[in-house]
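In case you want the letters, here they are:
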Amino acid sequence: MSSQKPVKSASQRAIAFLLILQTILIGVNAENRLQQGDSPIEVLMWMINQSIPVLKQASSFQEKQKKSLLPRHRPSKDK
């Protein structure tokens, strides 16, 4: 028996890549803010506020993946 992994579509990979890139850019921007003299607490609060939409997007993406993997029920023809 061969164990097969689910095949990820190009769009799924692109979305995952963009979410990772967005997170990296938040970190780079935070580093810039620290170098400009913002306090670490302010930068941390800013990062949290920037990360919430990314987490929501990732969660939404994950839910869409789960729904696409669920079997679809066909209406009964008995009725």
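Structure shown above.
Since we're looking at a predicted model, the values are computed, not measured. (Residues numbered from 1 in each chain as written. Predicted model: local features only at pLDDT ≥ 70, side-chain atom pairs only at ≥ 80, totals over all residues. Heavy atoms only, no water.)

Undergrad: Would you explain the overall build of the protein chain in this entry?
TA: In terms of helices and strands, the protein chain carries 2 helices and 0 strands. Taken across its 79 residues, the protein chain has 10% of its residues classed as buried. Carbon and sulfur atoms make up 60% of the accessible area of the protein chain, which amounts to about 7,300 Å² in all. (Helix = DSSP H or I, 4+ residues; strand = E, 2+ residues; numbered from the N terminus. Buried < 20%, exposed > 50% of the residue type's maximum accessible area, 1.4 Å probe, protein only. Areas by Shrake-Rupley, 256 points an atom, 1.4 Å probe, with all protein chains shown as cover.)

Undergrad: Even after reading the chapter, I still don't get helix 2 (residues 40–69), so can you show me in this structure?
TA: Think of an α-helix as turning once every 3.6 residues; residues three or four places apart then point the same way. The terminal C-alpha atoms of helix 2, which comprises 30 residues, lie 42 Å apart, in line with the 44 Å expected from a rise of 1.5 Å per residue. Along helix 2, the sharpest kink reaches roughly 25 degrees, centred on Ser-51 and followed within four residues by the proline Pro-53. Turning to helix 2, its buried residues number three or more, namely Val-43, Trp-46, Val-54 and Phe-61. The inward-facing, buried residues of helix 2 abut helix 1 (10–35). (Expected span 1.5 Å × (residues − 1). Bend = angle between axes of the 7 residues up to and from the residue. Contact = heavy atoms within 4.5 Å.)

Undergrad: Got a minute to help me understand the nonpolar core in this structure?
TA: Generally speaking, soluble globular proteins have nonpolar side chains that are buried together. Grouped together as the largest cluster of nonpolar side chains are 6 residues: Leu-19, Ile-26, Ala-30, Val-43, Trp-46 and Val-54. Those elements that provide at least two residues to this core are helix 1 and helix 2. Residues in contact with Trp-46, not counting those within four places in the same chain, are Ile-26, Asn-29, Ala-30 and Arg-33. (Core = buried A, V, L, I, M, F, W, Y, C linked by side-chain atoms within 4.5 Å.)

Undergrad: When you look at helix 1 in this model, what are you seeing that I'm missing?
TA: Between the first and last C-alpha of helix 1 there are 37 Å, a value that for 26 residues agrees with the 38 Å anticipated at 1.5 Å per step. Along helix 1, the residues classified as buried are Gln-12, Leu-19, Ile-26 and Ala-30. Structurally, helix 1 contributes buried residues whose contacts are with helix 2. A positive backbone phi angle near 105 degrees is found at Gly-37, which sits one or two residues after helix 1.

Undergrad: How do you make sense of the environment of Val-54 when you look at a structure like this?
TA: Of note, Val-54 is situated in helix 2. With a relative accessible area of 7%, Val-54 lands in the buried category. Spatially, the C-alpha atoms of Val-54 and Gln-22 are 7.5 Å apart, while their sequence positions differ by 32 residues. Setting aside chain neighbours within four positions, we find Val-54 in contact with Leu-19, Gln-22, Thr-23 and Ile-26.

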